[in-house]
Amino acid sequence: MGSSASTEQPESTAPRYKVDYEWEDEKVTGHVLSNQDLPDAVPVIDFMNRDEDALNTTFANLKGRGYTFFKLEDHQVELQQTLKNSSISYFNLPDQEKQLNSHPQRENLGYINIESIREYIKLRPSDPDYLWPNDPQFTTNFHNLFDEMKSIVWSVFEELVNHIEETEETNSRLFDDGKLEDIKEFAFEKTSISMIYYYEQDQETNVCGAHKDTGILTFIWPTGVPSLEIWDDLLGKYVKVEMNCDNNYLIAFISEKLPLFSLTTNFEATPHRVIMPSGRRRLSMAMLLDVAK
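Residues numbered from 1 in each chain as written. Predicted model: local features only at pLDDT ≥ 70, side-chain atom pairs only at ≥ 80, totals over all residues. Heavy atoms only, no water.

(A) The sheet that holds strand β11 (residues 272–276), seen in detail. What the 4 strands build is an open sheet, ordered β6-β11-β8-β9; its pairing is antiparallel. Each edge of the open sheet is held by one strand with a lone partner, namely β6 (205–211) and β9 (237–240). Sheet twist, expressed as the average angle between the axes of neighbouring strands with direction ignored, equals 25°. Taken together, the 4 bridges between β6 and β11 define a ladder with antiparallel strand orientation. Bridged to N206 within β11 is I275. (Pairing = 2+ DSSP bridges. Helix = DSSP H or I, 4+ residues; strand = E, 2+ residues; numbered from the N terminus. Axes fitted to C-alpha atoms, helices over the stretch in contact; angles between N-to-C directions.)

(B) Examining the nonpolar core more closely. Ranked by internal contacts, the top residues of the largest apolar core, which has 51 residues, are F142, F157, M195, F219 and M287. The element that contributes the greatest number of residues to this core is helix α4 (residues 136–167), accounting for 13 residues. Sequence-distant contacts of M287, that is, excluding residues within four places in its chain, are made with F146, M149, K150, V153, F188, T191, S192, I193, L217, T218, F219 and W221. Ranked by size, the runner-up nonpolar core spans 21 residues in total, among them Y120, Y198, I220 and C245. (Core = buried A, V, L, I, M, F, W, Y, C linked by side-chain atoms within 4.5 Å. Buried < 20%, exposed > 50% of the residue type's maximum accessible area, 1.4 Å probe, protein only. Contact = heavy atoms within 4.5 Å.)

(C) Representation of the pairing of strand β2 (residues 67–71) in the model. Burial runs high along β2: 4 of the 5 residues are buried. Relative to strand β10 (residues 249–254), β2 runs antiparallel, the two being bridged by 5 bridges. By the bridge assignment for β10, F69 is matched with I251.

(D) Structural view of unusual backbone geometry. With a phi close to 70°, S116 is a non-glycine residue in the positive phi region. When you line up the elements, S116 lands in the loop between β3 (110–114) and β4 (118–123).

(E) View of the pattern of salt bridges. Going through the model one piece at a time under the given rule, you end up with 9 salt bridges. As a salt-bridge pair, E119 and K98 come within 2.9 Å of each other at their nearest N and O atoms. Separated by 21 residues along the polypeptide, E119 in strand β4 and K98 in helix α3 (residues 95–98) bring together distant segments of the chain. Its relative accessible area of 0% is what places E119 among the buried residues. (Salt bridge = Lys/Arg side-chain N within 4 Å of Asp/Glu carboxyl O.)

(F) Quick look at helix α1 (residues 52–64). Along its 13 residues, α1 runs 18 Å from first to last C-alpha, staying within 8% of the 18 Å computed at 1.5 Å per residue. Of the residues trailing α1, G66 is marked for its positive phi of about 100°. (Expected span 1.5 Å × (residues − 1).)

(G) Inspection of the side chain of K122 at higher detail. Note that K122 resides in strand β4. Nearest to the buried, unbridged K122 among oppositely charged side chains is D290, at 6.3 Å. Not counting chain neighbours up to four residues away, the residues in contact with K122 comprise N108, L109, G110, D127, S192, I193 and S194. (Lys, Arg positive; Asp, Glu negative; His and termini not counted.)

Structural data, given as structure tokens:
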């Protein structure tokens, strides 16, 4: 970068964002789940031996509530924290440097800044080089996490589809043997990880209005600033799910394409939103399993 870049540096040399895993009581807009309301957390699933209890719990939570929790292994937690640290370094770069990673057609890929609300970078492994930060360590950390999560995410989805077919009262199968493997070949061309930095707000603010994701399933790593609210079909209200788990868990919920994989089950995409408390900043990460229709 030339000398002009130095004039764009923040007035303070302190990072704009710092990792904050203090689980504090906050004024909340959404409902905080009591132990009685809390859905069962799904332990680490042994996919090799088909953990039927865990699969039944996953299916029940997604069908009845629209979301569920998964327990992560220690090395998986470390991989997401490593990428989160690289993302912090990236978001602290001058704005003009980050803009180099913007998509020329303004598609929802690469670096995007929604002024005074949030900035984020959304990437898929096959995306062109210009969308990626000029940081080899960031790229390595991204691919390490993506490769680890790819097997987990697909196993969850594949077992969920198999479970749907086993529990639906129909003699028809939506997918013949091997069909899911064909889908898998191109599914991860559309699957992405987003790193999202939410700016500090002067007052409690709805910084990401209620919406449904367009993929198959969404997986979110909790943060220490519990702002994510997910609609709970069973309770009929938004819930502050991050108040009930830490970063050893993964939150999963239904996106708009999951119903395409069911003949009779009435799956619907899960509405969710982000309500930022005043005076806090948040770095969120999400993986969206997706496929072209």
